[in-house]
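Residues per chain are reported as follows:
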Amino acid sequence: MDRVCLGDKLTTAPIAIGMMNLLEWGLDVKGLSERIKEYLDLGLSTYDFADIYGNGGCETLFGEVLCREPSLRNKIEIITKGGIVYDKLRRPYFVSESYNLSKEYLISACEASLQRLGVDCVELYLIHRPCPLMDPAETAEAMEKLYKEGKVKNFGVSNFLPEQIAALEAYTDIPIVTNQVKMSVKCMDFLADGTQEDALRRKIPLMAYSPACGGKLYKENLSREDLETVKVLHEIREELGAETIDEVLYAWLYRLPVKVIPVTGTGKKERVLRAVKALEHQMSRVQWYDILRIARPLCVSKKYHDI
């Protein structure tokens, strides 16, 4: 597999292993260590975390693996995120309406992630969500400090719109090397809000979370719209010679002009392998538009030209 360049200083695997649900995978330290080695044998070396995943527990478990086998550290790239304020006493798991991109908070959040992971630095740190109260000058100061201290090698953002990235970039010379956004045939906002064009202009890849729709197209009692989408996905699966519609979902993203790094969210190795297998498929323009016509949400249709 070809590596992907994020800026001038970082390369990653073309697929990132998303660790949001790590604590639900049923793996202990030994099992996770073995899984990491299996993925490394496939060329999958990039791991995506956030401080709120498992309320910090996902980073902690991974850190225990690195403590047990420190030789793994130089073979992998670690991505983590900060900026969402999570109060488990006031809110259910992974639900928050509060963000904090102040200098003090971001620095403390990053340092806490480093401690849980048991590492001196991370290859990439993402500001997890844009905040209406963000002072870009102050957020930039946090980035500068973490960068100068060697705790973060590269910076990116997640869920930012183009104008929000531009506001942040106006206050720092540190490049933003990626934007991680929700991208799939069920979430096409990136086609209508300028995200793809902004990434093309900046010459950066996009990282796509929930690229296979979170498995929603495999559930029972699908809506009429989803049933129509699944029907087309199966038709194109046969045309491509793919084994599953997961491969078609990934191939649809790979067909975009912007480079896409999907972030898998599954603990099932066979589903991760479908993202790898999809790299071999060459989806045609006609097939891509066939999926767009059927699956495109109405909210995107109103913003994106009708076909």
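Structure first, text after, so check above.
Let us look at the structure shown here.

## Regarding the nonpolar core
Counting residues in each nonpolar core, the largest one holds 88 residues, and the members touching the most others are Phe 62, Trp 252 and Ile 291. Sorting elements by how many residues they give to this core places helix α9 (residues 245-254) first, with 8 residues. Not counting residues within four places of it along the chain, the set of residues in contact with Ile 291 comprises Val 185, Val 232, Leu 233, Ile 236, Val 248, Trp 252, Met 283 and Arg 296. Leu 6, Leu 10, Leu 126 and Met 207 belong to the second largest nonpolar core, which has 11 residues in total.

## A short note on helix α1 (residues 29-41)
If you check α1, its first and last C-alpha atoms are 19 Å apart, about what 13 residues at 1.5 Å a residue would give, namely 18 Å. Within the span of α1, buried status applies to Val 29, Gly 31, Leu 32, Ser 33, Arg 35, Ile 36 and Tyr 39. Looking at the packing, one finds that the buried side of α1 touches β3 (16-18), β4 (46-48), α2 (57-68) and α10 (269-277). Gly 43 lies just past α1 and shows a positive phi near 90°.

## Describing the pattern of salt bridges
Applying the stated rule across the entire model yields 20 salt bridges. For Asp 290, the salt bridge is made with Arg 293, and the minimal N-O distance between the two is 3.3 Å. Linking Asp 290 with Arg 293, this pair stays in helix α11 (residues 285-295), spanning 3 residues, or about one helical turn. Here the salt bridges do not stand alone but share partners, grouping Glu 111, Lys 145, Glu 149 and Lys 151 into one network.

## Observations regarding the layout of surface pockets
Picture a little ball the size of a water molecule; that probe, rolled over the atoms, points out where space is still empty. Put simply, the largest pocket is a space of about 840 Å³. Every residue lining the largest pocket is counted, 37 residues in all, and those nearest its centre are Met 20, Lys 182, Tyr 209, Ser 210 and Gly 214. Among the secondary structure elements, those contributing two or more residues to the lining of the largest pocket are β8 (176-182), α9 and β10 (260-264).

## Comments concerning the packing of aromatic side chains
For the structure shown, the criterion picks out 7 aromatic pairs. Ring geometry for Tyr 125 versus Phe 155: centroids 6.4 Å apart, planes at 80°, classification edge-to-face. With Tyr 125 in strand β6 (residues 124-127) and Phe 155 in strand β7 (residues 155-158), this pair connects stretches of sequence that are 30 residues apart. Judged by its relative accessible area of 1%, Tyr 125 is buried. Exposure remark for Phe 155: the relative accessible area of 2% places this residue in the buried category. Centre to centre, the rings of Trp 288 and Tyr 289 are 5.1 Å apart; their planes meet at 85°, and the pair counts as edge-to-face. You can call Trp 288 buried: its relative accessible area is 8%. The class for Tyr 289 is partly exposed, based on a relative accessible area of 24%.

Here is what the cut-offs are and how they apply
Residues numbered from 1 in each chain as written. Predicted model: local features only at pLDDT ≥ 70, side-chain atom pairs only at ≥ 80, totals over all residues. Heavy atoms only, no water. Core = buried A, V, L, I, M, F, W, Y, C linked by side-chain atoms within 4.5 Å. Buried < 20%, exposed > 50% of the residue type's maximum accessible area, 1.4 Å probe, protein only. Helix = DSSP H or I, 4+ residues; strand = E, 2+ residues; numbered from the N terminus. Contact = heavy atoms within 4.5 Å. Expected span 1.5 Å × (residues − 1). Salt bridge = Lys/Arg side-chain N within 4 Å of Asp/Glu carboxyl O. 1 Å grid on protein atoms, 1.4 Å probe; cavity = no way out; pocket = protein on both sides within 12 Å on 5 of 7 lines; lining within 4 Å. Points joined across faces, edges and corners; volume = space filled by probe spheres on them. Phe/Tyr/Trp six-rings, centres within 6.5 Å; stacked < 30°, edge-to-face > 60°.

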